[in-house]
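A structural walkthrough
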Amino acid sequence: MHYSDTQLTKIFKNTKRIAVVGASMNPSRPSYYVAQYLITKGYDIVPVNPAHAGLTLFDATVSARLSDIEGPVDMVDIFRRSEAVPEIVDEALEVFPDLGTIWMQIGVQHPVAAAKAEAKGVAVIQNRCPKIEFQRLFG
């Protein structure tokens, strides 16, 4: 899949609050250090992981599910296996009517779920890392 730099730049500029599904408390895990990096770039991160629900990560309370998040989210960043994507996308589309982007990390893709989100006007990025793309685009 190819995503233009223009498309990616627009996503980053229009995103303020990111739900990180599969957020880990372990600093050596990609979901931890990608979220931490995005915070340093000014994004508000909402960690989502039922195993850590109620704990604090990056000064935010970890939510068990997307539906537990109060307020809007601009992007859902998925750090889960591809098989888990349809359920996550369905929940995201249901609870965030103004969602801008579904982002699936490197190795994560689901064409059917992506098409469903795109049909609702949500941008979908698959098999990419926002940290890598942000660094490449903005240095």
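Model, not experiment: these values are computed from the prediction.

With that out of the way, let us pick up the packing of helix α3 (residues 85–95) against helix α4 (residues 111–119). The contact between α3 and α4 brings their axes to 9 Å, and the two run at 10°. In terms of orientation, α3 lies roughly parallel with respect to α4. As for the relative orientation of α3 and α4, their crossing is left-handed in sense. Contact residues: α3 offers Val 85, Pro 86, Val 89, Asp 90 and Leu 93, while α4 offers Ala 113, Lys 116 and Ala 117. Its residues assigned to classes, the contact of α3 with α4 shows six nonpolar, no polar and two charged.

Moving on: the sheet that holds strand β5 (residues 75–78). With parallel pairing, the five strands of this open sheet are ordered in space as β2-β1-β5-β6-β7. With partners counted over all chains shown, the strands left at the sheet margins are β2 (44–48) and β7 (123–125), one partner each. Each adjacent strand pair in this sheet contributes to an overall mean axis angle of 15°, direction not counted. Across four bridges, strand β1 (residues 17–21) lies against β5 in parallel orientation. Within β5, the position partnered with Ile 18 by the bridge is Met 75. Against the sheet, α3 contacts β1, β5 and β6 (101–104), and its axis sits at roughly 165° relative to β5.

Among all positions of helix α2 (residues 30–40), only Ser 31, Tyr 32, Val 34, Ala 35, Tyr 37 and Leu 38 are buried. For α2, the elements touching its buried residues are β1, β2, β3 (56–57), β5 and α5 (130–138).

The rules behind each value
- Residues numbered from 1 in each chain as written.
- Predicted model: local features only at pLDDT ≥ 70, side-chain atom pairs only at ≥ 80, totals over all residues.
- Heavy atoms only, no water.
- Axes fitted to C-alpha atoms, helices over the stretch in contact; angles between N-to-C directions.
- Helix = DSSP H or I, 4+ residues; strand = E, 2+ residues; numbered from the N terminus.
- Parallel < 35°, antiparallel > 145°, perpendicular 65-115°, else oblique.
- Left-handed = near helix turned anticlockwise from the far one by under 90°.
- Contact = heavy atoms within 4.5 Å.
- Nonpolar A, V, L, I, M, F, W, Y, C, P; charged D, E, K, R; others polar.
- Pairing = 2+ DSSP bridges.
- Buried < 20%, exposed > 50% of the residue type's maximum accessible area, 1.4 Å probe, protein only.

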